[in-house]
Amino acid sequence: MTDETLETVLTENRVFEVPAEFAEHARIAGMEQYLDMARQATQDYEGFWAEQARQEITWSKPFSQVLDESNPPFYKWFADGTLNVSYNCLDRHIEAGNGDRPAILWEGEPGDTRNFTYAELLEEVGKLGNALKSYGVEKGDRVVIYMPMVPEAVVAMQACARIGATHSVVFGGFSAEALKDRIEDAGAKVVITADGGIRGGKTVALKKNVDRALNEGCDTVEHVVVLQRAENEIDWTEGRDVWFREIMERESADCAPEPVEAEHPLFILYTSGSTGKPKGVVHSSAGYLLGAITSMKWVFDIGEDDVYWCTADVGWITGHTYIAYGPMAVGATQVMYEGAPTVPDPGRLWSIAERTGTTVFYTAPTAIRALMKQGDEWPNKHDLSKLRLLGTVGEPINPAAWMWYYQVIGGGRCPIVDTWWQTETGSHMISPLPGAVPLKPGSCTLPLPGVMADVVDEEGNTVEPGSHHGGLLVLRRPVPSMLRTVWGDDQRYIDTYWSHFPDQYMYLAGDSATRDEDGYFWILGRIDDVINVSGHRMGTMEVESALVAHDKVAEAAVVGRPDEVKGNSIFAFVILQGKREDEDLEALREALRAHVTDEIGAIARPDEIRFADALPKTRSGKIMRRLLRTIASGEEVTQDISTLEDENVVRQLQGKA
Ligand code: 6R9
């Protein structure tokens, strides 16, 4: 934890009560109701979740078992029940007479728009489901989705769910190399992609990346389904590649939803960890869906009159739970936007919010900070009076950005739900329920009912709220929506999340946190070598391995440096194979940045690269990362560097020698 964050936590004492007008219409209104639910969950944990699961999910076959803890930490929820997630997201709304309800109001970056009702979406999903089946995709087979932010990305995910295939969405900003690793790890049979995506006025060459990935391996892939979006020129492999719209034309929309077991893997989503290799986080069907539904209702307070908008990309967990599944499962109307928030000007999001009458808006602190920098004039040009609830996710929000969001965007009338959760937890874990819990800027406040979050010391003992000490953020009980394993690597699942405390199974989130005297949680940061860049997790080891893969690099160490907009920026210290004097360092910096972009994607591109003769290491050979973080932030080095082998290295790393 940085001293600065702890400082904020200890000095931020503003409290924003629930606006009476909001509480009046809220699903969960008043602290009493929240506490009541939380109490019920504590008293009868399984009973609480079983009741939610019976109420919120339409089952093909009802479950009789609730939580199976016989083989920890491989927990199972509702294991003898069967269901179909796509049925729960589409058919059941249509059967209830809501087929004409708008499901997706989509807007492309150039300004083109397309809307889908629930009935129209089901047709698309059915056709694609049938097409996938015609390519031999069966229940349990993996399909990789590498798409821009178009409605077809959601259609693709739902189509997999419909036939029981397990999807793995790869963010469109990842490189061919990163895509290849994920396709191979998942062993995908089909890849669904587009010719190109449109972002920031540029075309992202998705199909080209797929071709490159497939040329280098990925032997399991039999077909590539290509949506035409950017109309850029692409290569074509006859027999393997097929056009999305062509296959849709020939398929029937009639595709029966395949009932699957509650624990059937709905998807795999790769995320960064402490090692160089991304982890394939595996999510279940029923437990995951349940978390998506309950949080849509409790946290987003979603109702029939809402127009909901989550600005995340479907390539991240937020886009999975809060675009592709959650809003669909509760039958909401949602906005989906393809492009950059600043095209054609920094008022784009506010203009879309005005035109669509957005009522619930969910975005990341990094976006808020970036738009805040552009000035109030942009939001002020638009009528945002329909907004009633705002949300944030991805990283701690600093109080200044919180206040701007609250006042300038929310007009001082909309609660802000600061939602703490992770790829691994599948859905919100700690967040205000907006009609019940008073807000404090910068705090994600209290756990949702049924979430046994705690802050503990190294031995696993609770750190008392109000003690002004930080600790490890844990979940004391498994929740229905959390990951089931790491794809193909059960041991890594055990080691990463469940092995920290010797005699007990507690889920280790990998964040540090503290609680104030009201029991409010304040997230302080990661405890592992993961940095948070623009709300996205980036493993420092991943960037380091990309750098050392370059033939001029001998060694590299990557740390995060506090950044006003991104939260953290990527700072790399690089040791060359040859002599520094022999290189054009500026050109090499550019080459290394391009190299990392090629290996991982633009999100991993180092903002700063500093060359030195050696890295600071202890006598036992460990890289002194804390020292590197101090140096990267430009702060004075006050740490004890006497264990350092060569003290002169510090001056070099500071750029002074
Ligand atoms: C949903 C998502 C998870 C990590 C998590 C934490 C950070 C997310 C936060 C937050 C403070 C919040 N994080 N939400 N920190 N306040 N409201 O972001 O998933 O990409 O897996 O990242 O992000 O460090 O551990 P993911």
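A quick note: this is a predicted structure, and the numbers were derived from the prediction, not measured.

### Examining the site of the ligand
Point 1. Among the 17 residues in the neighbourhood of the ligand, the closest are listed as Asp418, Thr419, Thr423, Asp511 and Arg526.
Point 2. Bound to the protein, the ligand loses 96% of the 530 Å² it would expose on its own.
Point 3. Of all the secondary-structure elements, those providing two or more residues to the shell around the ligand are α12 (317–329), β20 (416–419) and β25 (521–526).

### Brief notes about a negative patch on the surface
Point 1. Taken together, the side chains of Asp181, Glu184, Glu216 and Asp219 present a region of like negative charge at the surface.
Point 2. Structurally, Glu184 can be placed in helix α8 (residues 176–186).

### A word on the nonpolar core
Point 1. Of all hydrophobic cores here, the largest spans 166 residues; its most connected members are Phe78, Leu128, Ile192, Phe300, Tyr325 and Val574.
Point 2. Built from parts of two domains, this core gets at least three residues from each of domain 1 (85–98 + 115–258) and domain 2 (534–653).
Point 3. Apart from residues no more than four positions distant in its own chain, Leu128 is found in contact with Val155, Ala156, Ala159, Ile192, Phe244, Ile247 and Met248.

### Concerning helix α19 (residues 585–599)
Point 1. In a regular helix each residue adds 1.5 Å, so 15 residues correspond to 21 Å; α19 covers 21 Å between its end C-alpha atoms and thus fits that length.
Point 2. For α19, the full list of buried residues reads Leu588, Arg589, Leu592, Arg593, His595 and Val596. The buried residues of α19 occupy an angular sector of 160 degrees when projected down its axis, which confines them to one face.
Point 3. Turning to α19, the residues buried within the fold contact α18 (540–548), β28 (553–563), β29 (567–576) and β30 (608–612).
Point 4. One or two positions beyond α19, positive phi appears at Gly601, with a value near 145 degrees.

### Quick word on the sheet that holds β25
The strands making up a sheet associate through backbone hydrogen bonding, with each pair oriented either parallel or antiparallel.
Point 1. Read across the sheet, four strands follow the order β21-β22-β24-β25 without closing on themselves; strand pairing throughout is antiparallel. Two strands close off the open sheet at either side, each with one partner strand: β21 (453–456) and β25. The mean angle between the axes of side-by-side strands here comes to 45 degrees, regardless of whether they run parallel or antiparallel.
Point 2. Of the pairings in the sheet, the one linking strand β22 (residues 471–475) to strand β24 (residues 507–515) comprises four bridges and is antiparallel in character. Bridged to Leu472 within β24 is Ser512.

### Examining helix α20 (residues 625–632)
Point 1. For α20, the buried fraction is high: six of the eight residues fall into the buried class.
Point 2. When we look at burial in α20, the residues that qualify are Arg625, Leu627, Leu628, Thr630, Ile631 and Ala632.
Point 3. Downstream of α20 by a residue or two, Gly634 has a phi angle that is positive, lying close to 75 degrees.

### Describing the pairing of strand β11 (residues 223–227)
Across a regular strand the side chains alternate sides, sitting on one face of the sheet and then on the other.
Point 1. Burial of β11 is extensive: five of the five residues sit out of reach of the surface.
Point 2. Burial along β11 is two-sided: His223, Val225 and Leu227 facing one way and Val224 and Val226 facing the other are all buried.
Point 3. As paired strands, strand β8 (residues 190–194) and β11 are joined by five bridges and run parallel to one another. Each bridged residue has a counterpart across the sheet, and for Ile192 the counterpart in β11 is Val225.
Point 4. As paired strands, β11 and strand β12 (residues 241–243) are joined by three bridges and run parallel to one another. Within the sheet, the bridge partner assigned to Val225 lies in β12 and is Val242.

### Considering the domain arrangement of the protein chain
Point 1. Segmentation of the protein chain into domains returns domain 1 (85–98 + 115–258) and domain 2 (534–653).
Point 2. One C-alpha centre belongs to domain 1, the other to domain 2, and the line joining them spans 37 Å.
Point 3. Counting residues at the interface gives eight residues for domain 1, matched by eight residues for domain 2.
Point 4. At the boundary of domain 1 with domain 2, total buried surface from both sides reaches about 500 Å², with 49% on carbon and sulfur atoms.
Point 5. Three residues stand out in domain 1 for area buried against domain 2, namely Phe174, Ser175 and Glu177, and they jointly supply 55% of the buried area on that side.
Point 6. For the pair domain 1 and domain 2, the number of links is zero salt bridges.
Point 7. Counting the contacts that link domain 1 with domain 2 gives three residue pairs in polar contact (both at pLDDT 80 or more).
Point 8. Sorting elements by how many residues they give to the side of domain 1 that touches domain 2 places α8 first, with three residues.
Point 9. By residue class, the composition of the side of domain 1 that touches domain 2 is three nonpolar, two polar and three charged.

### Describing unusual backbone geometry
Point 1. Of note, the amide linkage connecting Pro72 to Pro73 takes the cis form, showing an omega dihedral of 0 degrees.
Point 2. Among the secondary structure elements, Pro73 is positioned in the loop between β1 (67–68) and β2 (76–77).
Point 3. For Phe78, which is not glycine, the phi torsion reads 55 degrees and is therefore positive.
Point 4. Positionally, Phe78 belongs in the loop between β2 and β3 (82–83).
Point 5. Classification of Phe78 as buried rests on a relative accessible area of 0%.
Point 6. Notably, Ser534 is not glycine yet its phi reads approximately 50 degrees, a positive angle.
Point 7. On the secondary structure map, Ser534 appears in the loop between β26 (530–533) and β27 (536–539).
Point 8. The partly exposed category is assigned to Ser534, whose relative accessible area is 22%.

### What to know about the UniProt feature "binding site: CoA" (unreviewed entry) in the protein chain
Point 1. UniProt annotation of "binding site: CoA" (unreviewed entry) refers to Arg199, Gly200, Gly201, Lys202, Thr318 and Ser534 when read in the numbering used here. Their sequence span is 336 residues, while the largest C-alpha to C-alpha distance among them is 24.1 Å; these annotated residues do not converge on one region.
Point 2. As for its placement among the helices and strands, Thr318 is situated in helix α12.
Point 3. A relative accessible area of 11% places Thr318 in the buried class.
Point 4. If near-sequence neighbours (up to four positions away) are discounted, Thr318 is found in contact with Cys310, Ala312, Ile323, Tyr362, Val393 and Trp421.
Point 5. Residues contacting Ser534, with those up to four places away along its chain left out, are Thr366, Glu395, Lys566 and Asn568.

What counts, and at which threshold
Here the residue numbers are simple positions, counted from 1 along each chain's written sequence. Only residues with pLDDT of 70 or above have their local features reported here, since the model is predicted, and side-chain atom pairs are shown and tallied only from 80 upward, although totals for entire chains, interfaces and linings are computed over all residues. For the side-chain quantities, the full set of heavy atoms in the structure was used; hydrogens and water were omitted. We call a residue near a given molecule or strand whenever any one of its heavy atoms falls within 4 Å of it. Accessible surface area values rest on a Shrake-Rupley calculation with a 1.4 Å probe, where residue burial reflects the displayed protein chains alone. For the purposes of this entry, the term helix denotes a DSSP run of H or I that reaches at least four residues, the term strand denotes a run of E that reaches at least two, and both are numbered from the N terminus. Residues form patches when they are more than 30% accessible in relative terms and have no salt bridge. Like charges link within 9 Å. Nonpolar side chains (Val, Leu, Ile, Met, Phe, Trp, Tyr) link within 5 Å. What makes a salt bridge here is a side-chain nitrogen of Lys or Arg within 4 Å of a carboxyl oxygen of Asp or Glu, nothing more. The sign given to each residue is positive for Lys and Arg and negative for Asp and Glu; His and the chain ends receive no count. Just so you know, the charge point we use is NZ for Lys, CZ for Arg, CG for Asp and CD for Glu. For the purposes of this section, nonpolar cores are sets of buried Ala, Val, Leu, Ile, Met, Phe, Trp, Tyr and Cys residues that join through side-chain atoms within 4.5 Å. Note on classification: 1.4 Å probe, protein chains only; a residue is buried when its accessible area is under 20% of the maximum for its type, exposed when over 50%, partly exposed between these limits. For each domain, the first and last residues come from an automatic or database assignment. In this description, contact between two residues means that some pair of their heavy atoms is separated by no more than 4.5 Å. By this rule the span expected of a helix is its residue count minus one, scaled by 1.5 Å. Note that the arc is defined by the directions from the helix axis to the C-beta atoms. Strands are labelled as partners when DSSP assigns at least two bridges between them. For helices, the axis comes from a line fit to the C-alpha atoms of the stretch in contact; other axes are also lines fit to C-alpha atoms, and the angle between any two N-to-C directions lies between 0 and 180 degrees. Here's the idea: put two parts together, see how much 1.4 Å probe accessible area each one loses, and the total over both is what we call buried area. Here a polar contact means two N or O atoms within 3.5 Å. Within protein one must be a hydrogen donor candidate and the other an acceptor candidate, and residues neighboring in sequence count only if both atoms are side-chain atoms. For this classification, Asp, Glu, Lys and Arg are treated as charged, while Ala, Val, Leu, Ile, Met, Phe, Trp, Tyr, Cys and Pro are nonpolar and the rest, including Gly, are polar. UniProt positions are given in the numbering used here, feature names are shortened, and annotations may be inferred rather than shown by experiment.

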